[in-house]
Amino acid sequence: MAFNNIDSSNLPLGKILQIAFSEGIRNQISVDFRDFEHIKRAKVAGSLPRELRFMFQTSLGAAAIQYADPGAGASRVFPNSQQVKTQENTAVMKELQATIELEYNLFDRARKSPEKYAEPLAIEIDSKMSAAKRRLAADLYGDGTGVVGTIASVSISGGLAVVTLSSANTARGHVGFFEFYDLLVHRAAAGSAGTAPTVTGGTFASWSVLDKDRSANTVTLQAVTSAGAALVVTGWTPSAGEVFYRSGQPTKDINLASISDYGTVSEVIAGLESLTANDGRLIHGITMSGPTGGSRYDAGGNPLDVKHIQKLLDQVKLSVGQDRYRWKALNMAPESHASLIESREMDRRFQTVEDNKRGVKYFAYQHGNDTLECVTSEFVPQNRIYCMPETKAGEKVLEYHGSDFETVKGQDMSDFHLKVGASGYTNAMVSYLLATGVLIAKHPKAIGVIHNFVNT
């Protein structure tokens, strides 16, 4: 038989019964931003300039050291001098903004009765801070272009676009960079407008992220208008290699094949993918090759193997010295971590670390005197592992020069302001947050990267 709810149609006084709400609002998405801790640890105190200058030494003057012929007598001459080589580099500060919005009526009630109405305001503020930290955590592994993913192929299902992302070693971005309901636009790799989708019911403006599947390396996108109304996609055939940017990024028309400097190519901070490159690209004026290039081990497209870690660390320590730094972490995707679990069972260089007093339990790789914890992150691409160093004295190899998020105060020094609409003030309150910062690597060779592997 059919179930009838209690209402006036079957019980005349049924609507007198109240509706009860379960206490609290339950968040349904991840607010994990552990990688933000890397940025906090790398933070350097100081003033906030518009740019940061620093110097590299790139040679010891090795040609000035030569053997001499002791039998040549007085005709022996000392070798020609060769001074050490230095270079000055410049990193431009980047700005990250956030906006908090709340209906005025709710804001007013939260101000007058915080014990009853403060939760929505707290959720809005906490969520924006979590989103900002997650953005920085993702950009820690980016290249500075702001690309969140590269298209391999597309299918249309139920009016939605299901995009398979490229997993090629040279692909920019990956599935971990996509956030639920973030708004994206697509562009050709040369920076021109991407292939337009065919939609019904309105004018296409951007893509909204509805779902993401790490195992299938896909994201499901909904086409929306500039006002956020959903559209039905009936066809879309973009070329492989087209890319996604976040719609609010000011600079999106980037020719990805011709970038003069990854430190200034966009408003997005340049992360480890550029700071550890060894392909001749420029980042903060540094040519990423030779003595200033990162230490990268190419696994040749083979399945991830423990020997790749050993060879990378051997390479890193030969490049910078055995005892100059201490390497403590191997940052990897969960899929890479899973691939190493079997190796842990067979290789004595893996150690399980347990501390029942502090609740610590993980496994680590032992290389010489260094114990490197295997740390998982959703933001690390599935074909990258980053080996993070520190000096014995605690000096930072990766440095973040920047500010914390602070509210932009009005003339009356208030944190919240009436929202301005197209025809005047609206019945809403907004608050704006602002932070500036830039990442630099003081010794790129000290940061090791395993790339171009597959997880099994």
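These remarks concern the structure in this document. (Residues numbered from 1 in each chain as written. Predicted model: local features only at pLDDT ≥ 70, side-chain atom pairs only at ≥ 80, totals over all residues. Heavy atoms only, no water.)

1. Examining the overall build of the protein chain
Okay, so step 1: A tally of regular secondary structure across the protein chain gives six helices and 25 strands.
Okay, so step 2: Relative to its full complement of 456 residues, the protein chain shows a buried share of 43%.
Okay, so step 3: Per element, the accessible surface of the protein chain, about 24,700 Å² overall, is 52% carbon and sulfur. (Helix = DSSP H or I, 4+ residues; strand = E, 2+ residues; numbered from the N terminus. Buried < 20%, exposed > 50% of the residue type's maximum accessible area, 1.4 Å probe, protein only. Areas by Shrake-Rupley, 256 points an atom, 1.4 Å probe, with all protein chains shown as cover.)

2. Notes on the pattern of salt bridges
Okay, so step 1: Tallying each qualifying case throughout the model produces 19 salt bridges.
Okay, so step 2: For Glu88, the salt bridge goes to Arg53, with nearest N and O atoms at 3.1 Å. With a gap of 35 residues between them, Glu88 in strand 3 (residues 86-92) and Arg53 in strand 2 (residues 51-57) connect regions that are remote in the sequence.
Okay, so step 3: Relative accessible area serves as the criterion here: at 53%, Arg53 is assigned to the exposed category.
Okay, so step 4: With a shortest N-O distance of 2.8 Å, Arg246 and Asp182 are connected by a salt bridge. Linking Arg246 in strand 12 (residues 243-246) with Asp182 in the loop between strand 6 (160-165) and strand 7 (183-187), this pair joins segments that are 64 residues apart in sequence.
Okay, so step 5: Residue classification places Arg246 among the partly exposed positions, given a relative accessible area of 32%.
Okay, so step 6: Note on Asp182: relative accessible area 14%, which makes it buried. (Salt bridge = Lys/Arg side-chain N within 4 Å of Asp/Glu carboxyl O.)

3. Observations regarding the side chain of His451
Okay, so step 1: The topology assignment puts His451 in strand 25 (residues 448-451).
Okay, so step 2: Looking at His451, its side chain comes within polar contact range of the side chain of Asn169, at 3.2 Å.
Okay, so step 3: Setting aside anything within four residues of it in sequence, one finds His451 in contact with Asn169, Arg296, Tyr297, Asp298, Ala299, Asn383 and Arg384. (Polar contact = N/O pair within 3.5 Å; in protein donor to acceptor, adjacent residues only side chain to side chain. Contact = heavy atoms within 4.5 Å.)

4. So, helix 5 (residues 306-320)
Helical periodicity: at 3.6 residues per turn, an α-helix aligns residues three or four positions apart in one direction.
Okay, so step 1: With 15 residues, helix 5 ought to run about 21 Å at 1.5 Å a step, and its terminal C-alpha atoms sit 22 Å apart, in line with that.
Okay, so step 2: Those residues of helix 5 that sit buried are Val306, His308, Ile309, Gln310, Leu312, Leu313, Val316, Lys317 and Val320.
Okay, so step 3: The backbone nitrogen of Lys307 lies 2.8 Å from a side-chain oxygen of the residue at the head of helix 5, namely Asp305.
Okay, so step 4: A positive backbone phi angle near 110° is found at Gly321, which sits one or two residues after helix 5. (Expected span 1.5 Å × (residues − 1).)

5. Here we look at the nonpolar core
Okay, so step 1: Counting 97 residues, the largest nonpolar core has Trp207, Phe244 and Leu330 as the members making the most contacts within it.
Okay, so step 2: For this core, the element with the highest residue contribution is strand 24 (residues 424-441), accounting for seven residues.
Okay, so step 3: Trp207 has contacts with Ala161, Asp182, Leu183, Leu184, His186, Pro197, Leu221, Gln222, Ala223, Val233, Trp236 and Phe244, leaving out every residue within four places of it along the chain. (Core = buried A, V, L, I, M, F, W, Y, C linked by side-chain atoms within 4.5 Å.)

6. A closer look at the pairing of strand 6
Okay, so step 1: The sheet contact formed by strand 5 (residues 149-157) and strand 6 spans six bridges and is antiparallel. Counted as the bridge partner of Ile151 is Leu165 from strand 6.
Okay, so step 2: Relative to strand 10 (residues 218-224), strand 6 runs antiparallel, the two sharing four bridges. For Val163, the partnering residue across the bridge sits in strand 10 and is Val219. (Pairing = 2+ DSSP bridges.)

7. Quick notes on the pairing of strand 25
Okay, so step 1: Residues Gly448 and Ile450 of strand 25 are buried on one face, and the alternating residues Val449 and His451, pointing to the opposite face, are buried as well.
Okay, so step 2: Looking at chain direction, strand 20 (residues 384-391) and strand 25 are connected through four bridges and run antiparallel. The partner of Ile385 across the bridge, within strand 25, is Ile450.

8. Description of the packing of aromatic side chains
Two aromatic rings are characterised by how far apart their centres lie and by the angle between their planes.
Okay, so step 1: One pass over the full model with this rule turns up seven aromatic pairs.
Okay, so step 2: Here Tyr325 and Trp327 contribute two aromatic rings whose centre-to-centre distance is 5.9 Å and whose plane-to-plane angle is 70°, an arrangement assigned as edge-to-face.
Okay, so step 3: Note on Tyr325: relative accessible area 5%, which makes it buried.
Okay, so step 4: By way of ring pairs, the aromatic residues Phe178, Phe204, Trp207, Trp236 and Phe244 are connected into one cluster. (Phe/Tyr/Trp six-rings, centres within 6.5 Å; stacked < 30°, edge-to-face > 60°.)

9. Here's the deal with the sheet that holds strand 6
Okay, so step 1: With respect to topology, six strands assemble into a closed barrel ordered 5-6-10-9-7-12, the strand pairing being antiparallel. Averaged over all adjacent pairs, the angle separating strand axes in this sheet is 50°, with direction ignored.
Okay, so step 2: In this structure, strand 7 lies alongside strand 9 (residues 206-213), joined through two bridges in antiparallel fashion. Within strand 9, the residue paired with Leu183 across the bridge is Ser208. (Axes fitted to C-alpha atoms, helices over the stretch in contact; angles between N-to-C directions.)

10. Concerning helix 2 (residues 104-112)
Okay, so step 1: What helix 2 keeps buried is the set Phe107, Asp108 and Ala110. Down the axis of helix 2, the buried side of the element spans an arc of 160°, and every buried residue falls inside it. (Arc of directions from axis to C-beta.)

11. Quick word on a nonpolar patch on the surface
Okay, so step 1: Among the surface-exposed residues, Val408, Tyr432 and Leu434 lie close enough to one another that they form a single nonpolar patch of about 220 Å² accessible area.
Okay, so step 2: The topology assignment puts Val408 in the loop between strand 22 (406-407) and strand 23 (417-421).
Okay, so step 3: Residue Val408 is classed as partly exposed on the basis of its relative accessible area of 38%. (Patch = residues over 30% accessible without salt bridge, like charges linked within 9 Å, V, L, I, M, F, W, Y side chains within 5 Å.)

12. Details of unusual backbone geometry
Okay, so step 1: With a phi angle near 65°, Tyr181 is a residue other than glycine that sits in the positive phi range.
Okay, so step 2: One can find Tyr181 in the loop between strand 6 and strand 7.
Okay, so step 3: Accessibility expressed as a relative area gives 59% for Tyr181, which makes it exposed.
Okay, so step 4: One non-glycine residue, Asn452, lies in the positive phi region at around 60°.
Okay, so step 5: Tracing the chain through its elements places Asn452 in the segment after strand 25.

13. Looking at the environment of Gly321
Okay, so step 1: Topologically, Gly321 is positioned in the loop between helix 5 and strand 16 (325-332).
Okay, so step 2: Judged by relative accessible area, Gly321 falls into the partly exposed class, the value being 25%.
Okay, so step 3: Along the primary structure Gly321 and Ala446 are separated by 125 residues, whereas in three dimensions their C-alpha atoms are 9.1 Å apart.
Okay, so step 4: Residue contacts for Gly321: discarding those within four places in its chain leaves Val316 and Trp327.

Worth remembering: the numbers are spatial, not functional.
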